[in-house]
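# Analysis of the macromolecular model
Residues per chain, in single letters:
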Amino acid sequence: MATLNFSVIPARAGASPCSSSSPSQLSRFIDFGSRGGKSRLFFFRTSISRRSLVVKSVSSEPKQKLQDSITEEDALSNPIPFPPDASSIASSIKYHAQFTPLFSPERFELPKAFFATAQSVRDALIINWNATYDYYEKLNVKQAYYLSMEFLQGRALLNATGNLELTGAYAEALSKLGHNLESVACQEPDAALGNGGLGRLASCFLDSLATLDYPAWGYGLRYKYGLFKQLITKEGQEEIAEDWLEMGNPWEIVRNDVAYPVKFYGKVVLGSDEKQHWIGGEDIQAVAYDVPIPGYKTKTTINLRLWSTKVPTEEFDLHAFNAGQHTKAYEALANAEKICSVLYPGDESEDGKVLRLKQQYTLCSASLQDIIARFERRSGAKINWEEFPEKVAVQMNDTHPTLCIPELMRILIDFKGLSWKEAWNITQRTVAYTNHTVLPEALEKWSLELMQKLLPRHVEIIEMIDEELIRTIISEYGTEDYKLLEEKLREMRILENVDLPESFAGIIVKPKESPIAVQDEELEATEAEIELVDEEEEEEEEEEEEEEDEVEGKIPQGKEKVVPEPVPEPPKMVRMANLCVVGGHAVNGVAEIHSEIVKDEVFNAFYKLWPEKFQNKTNGVTPRRWIYICNPELSKLITKWTGTEEWVKNTEKLAELRKFADNEELEAHWRAVKRNNKLKVVSFLKQKTGYSVSPDAMFDIQVKRIHEYKRQLLNILGIVYRYMKMKEMSAAEREENFVPRVCIFGGKAFATYVQAKRIVKFITDVGTTVNHDPEIGDLLKVVFVPDYNVSVAELLIPASELSQHISTAGMEASGTSNMKFAMNGCILIGTLDGANVEIREEVGEDNFFLFGAKAHEITGLRKERAEGKFIPDPRFEEVKEFVRSGVFGPYNYDELMGSLEGNEGYGRADYFLVGKDFPSYIECQEKVDEAYRDQKGWTRMSILNTAGSYKFSSDRTIHEYAKDVWNIKPVRLP
């Protein structure tokens, strides 16, 4: 019987993503070489019974020489190289099916085939992973670290084989084993590590960083249950836990040796060494799980390190368990594990808020401890902390990782012995911040009281940073103009509704008022006293009358007088976005219009103070996943007509399609590719929803997180208007006036976001009615795709013909799905918001359907509404009345329709201007119908959208970050 001998070197605390837990003895990946500019993969074969393996681990401890105990020395020193042919890969897959099994040995069915295939690919990745990490260590390069609460990766198998240029070889190997690659790839669940554009952007960035050979890592949390799995029932959206880890994750490698302590609660005391010490409280451990991220046509394979939380085994209370107190016995473990259970746990309750803050701090603390350990190891015996920003760049993806700022300060001051001035200088030079929103509710604020309980040492540091900021503001604006200074402090301070520190009591003094002002006030006071005397006399008369009434029995005796409730003090809050701006050296928006709003409105006071900090970095998406992998037929067509496959890494080549936009041969092939993609979606929708749709209809798609500002409500009300008008017509009139459409929605509403869930319910109710109306047939279908994710997007986007990006102008920071749709030849309908502005410039105004109010008009329009001056369009009123008639079922839509009515009040007054933009929107949709009837013209528009999308590659964005923010350079492995 074959024996396997493993010689494992003990692991050390700190950092390498470079060990393999599952080497193939039958067919082993050894090295990548480069020949003629193309990566090559080599294998060797050895005898199973005569071979042993060394598993390598690199950490923050000094390097140890790893001993190789393979007995067939000749096999290692002179491996037999041969190309990665299908037979060799099939042997590797068979090895993993047998020797690293997760399934019973009897059958080789699809789930087992996926895991074995993924493990085989991972073997190939680990070689480059190790080489990349070792090369960075050797050169001691400056490295960027991208911290994000979300990484929405999607499936990894096809992305990895594509980037390794092994897709064909793996397809052939699986064919030999009785499976096809596409069916095997479909067994992979989407990694539930994100929800929307924030997480997908982070994943696109990692792909580009690896492809462009930039030294970088990503850091995130390993959510066991993700956000949620969305079910669509007759009640609308329902949520259940994600099960993506139920069968295991073949891509990740747990680093049990890489674990860091994370503390909550406790107190801060001054030690005998005159330093602050954070003691007591709750202690957990953050354990690293590493996922390799391969670049395209390069050896560079970077790392996504995810943290999972636990406590040491001794925290399990065995005494309590044996006493029957089972819940108590597990309490410490449960408290630790729940931190990484769910992405964005509901924060309506105090416990929910605590959990969210714990998540954010865990990400920041564990990541920074890991980064610092790596810096110290690479520095060797002589550590110069002044060099830390020359070796480390930390990018905060939105405000979730804001605690990086006080945490880095804490470590540098409390553990590394640096002064406040030294630590603050290092922190500001290291950290940078990407803003992703202009929505006030998304600019995070945390209760100061909550943070003081959970993170007492960090509050001390934040208070000191706030003091530094106050000094800066006073230095800039002086103390003479008290009102101006008061305004700036109120706008810019990190601590909101918190009194000024005592140290400023003698500096900031409210000026005495002039004698004239005093006289005016005295006159006003005299007048007020006269009025008060009159009011008191009236009140006395009323009281006397009430007493008389009581005696006469007209009102009950003892009736309590109404006492006005005291006005509550505003809550004391920590403004995380302000902390990001103050604590970092760069702040960027994610589209040109968004960056201008950031400078002119969101952080205007900071921009005036530090204009050099503010930049624009328009988002981008990776063309590898979003054309090359998800739309292979279009990829081949682009390669044919541009004459090269270079566009996959250099998207400027896509612009060359412009000169062929009127070529009839290209147009015919272009339409054929689109139809083939639509046929795939027809099958998918039937299987997923039960609805049959026609591939000859226009595919009109809006897929994104459900939110009022994204205005799925405007879209569905437009569809209702369309349906209503159809019902008023004869069959012949309908055929003449309307182009057949399949209207596809997808996206998740946050579990506690009631209005968004009402919108989902409304869409599904409209679909139920319309799709079963025999008079309408294939002229109109409305389909809500449940549980929208990256894999669903990879199917829908290549088939799309019209895509809706219709947010209220000025409210979408950028959007990235608009870029993906444009790349795949989809024409957009939208407002001048986010990246729509730049997309329209690149694809051409004639190739973009524009409607709606402009960003600079929004404030005035809301004011007009509040003053009662808005007059709704009769068509809009007609649609609302139609909805309320009950045509879409018994559900009461008064709350939803009511949000579009009235002039003021919470949940009223149409804050997102659906009614205002409705007439413009439906008129624009009529232009869409007209354009679609001319299929030649529509195809030309489609080609020009793909050609114009060249600017929106994440490769371009990463080059800009590397140059302008992180100051890192590509490091290509030899």
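The structure reproduced in this document is the subject of the present report.

What counts, and where the lines are drawn
- Residues numbered from 1 in each chain as written.
- Predicted model: local features only at pLDDT ≥ 70, side-chain atom pairs only at ≥ 80, totals over all residues.
- Heavy atoms only, no water.
- Helix = DSSP H or I, 4+ residues; strand = E, 2+ residues; numbered from the N terminus.
- Buried < 20%, exposed > 50% of the residue type's maximum accessible area, 1.4 Å probe, protein only.
- Contact = heavy atoms within 4.5 Å.
- Areas by Shrake-Rupley, 256 points an atom, 1.4 Å probe, with all protein chains shown as cover.
- 1 Å grid on protein atoms, 1.4 Å probe; cavity = no way out; pocket = protein on both sides within 12 Å on 5 of 7 lines; lining within 4 Å.
- Points joined across faces, edges and corners; volume = space filled by probe spheres on them.
- Nonpolar A, V, L, I, M, F, W, Y, C, P; charged D, E, K, R; others polar.
- Axes fitted to C-alpha atoms, helices over the stretch in contact; angles between N-to-C directions.
- Parallel < 35°, antiparallel > 145°, perpendicular 65-115°, else oblique.
- Left-handed = near helix turned anticlockwise from the far one by under 90°.

Attention now goes to the overall build of the chain. The helix and strand tally for the chain stands at 36 helices and 26 strands. Within the span of the chain, comprising 974 residues, buried residues form 56% of the whole. In the chain, of all internal contacts separated by at least 6 residues, the share reaching a separation of at least 24 is 77%. Accessible surface computed for the chain: about 41700 Å², of which carbon and sulfur atoms make up 50%.

In this section: empty space enclosed by the protein. Evaluated as defined, the whole model comprises eight cavities of 30 Å³ or more. Roughly 360 Å³ of internal volume is contained in the largest cavity. Lining the largest cavity are 29 residues, with Gln 153, Gly 154, Arg 155, Ala 156 and Val 291 sitting closest to its centre. Mapped by element, the contributors of at least two residues to the lining of the largest cavity are helix H3 (110–139), helix H4 (157–163), helix H7 (197–211) and strand S12 (282–294). Across the lining of the largest cavity, the residue classes break down as 16 nonpolar, seven polar and six charged. Leu 861, Glu 864, Arg 865, Phe 870, Ala 909, Asp 910, Leu 913, Gly 915 and Lys 916 are the residues that line the second largest cavity. Taken together, the elements giving at least two residues each to the lining of the second largest cavity come down to helix H31 (858–866) and helix H34 (914–933). Of the residues that constitute the lining of the second largest cavity, the class distribution is four nonpolar, one polar and four charged.

Moving on, we come to the packing of helix H24 (residues 664–689) against helix H28 (residues 790–799). The N-to-C vectors of H24 and H28 enclose an angle of 135°; their axes lie 7 Å apart at closest approach. Here H24 lies oblique to H28, going by the angle between them. The hand of the H24/H28 crossing is left-handed. Of the residues in H28, those touching H24 at Lys 674, Asn 677, Lys 678, Lys 680, Val 681 and Phe 684 are Val 792, Leu 795, Leu 796, Ile 797, Pro 798 and Ala 799. Split by residue class, the contact of H24 with H28 holds eight nonpolar, one polar and three charged.

Okay, the environment of His 959 next. Residue position: His 959 is located in helix H36 (residues 954–966). The exposure class assigned to His 959 is partly exposed, which follows from its relative accessible area of 38%. The sequence separation of His 959 and Leu 209 amounts to 750 residues, and the corresponding C-alpha distance is 8.7 Å. Residue contacts for His 959: discarding those within four places in its chain leaves Leu 212 and Tyr 214.

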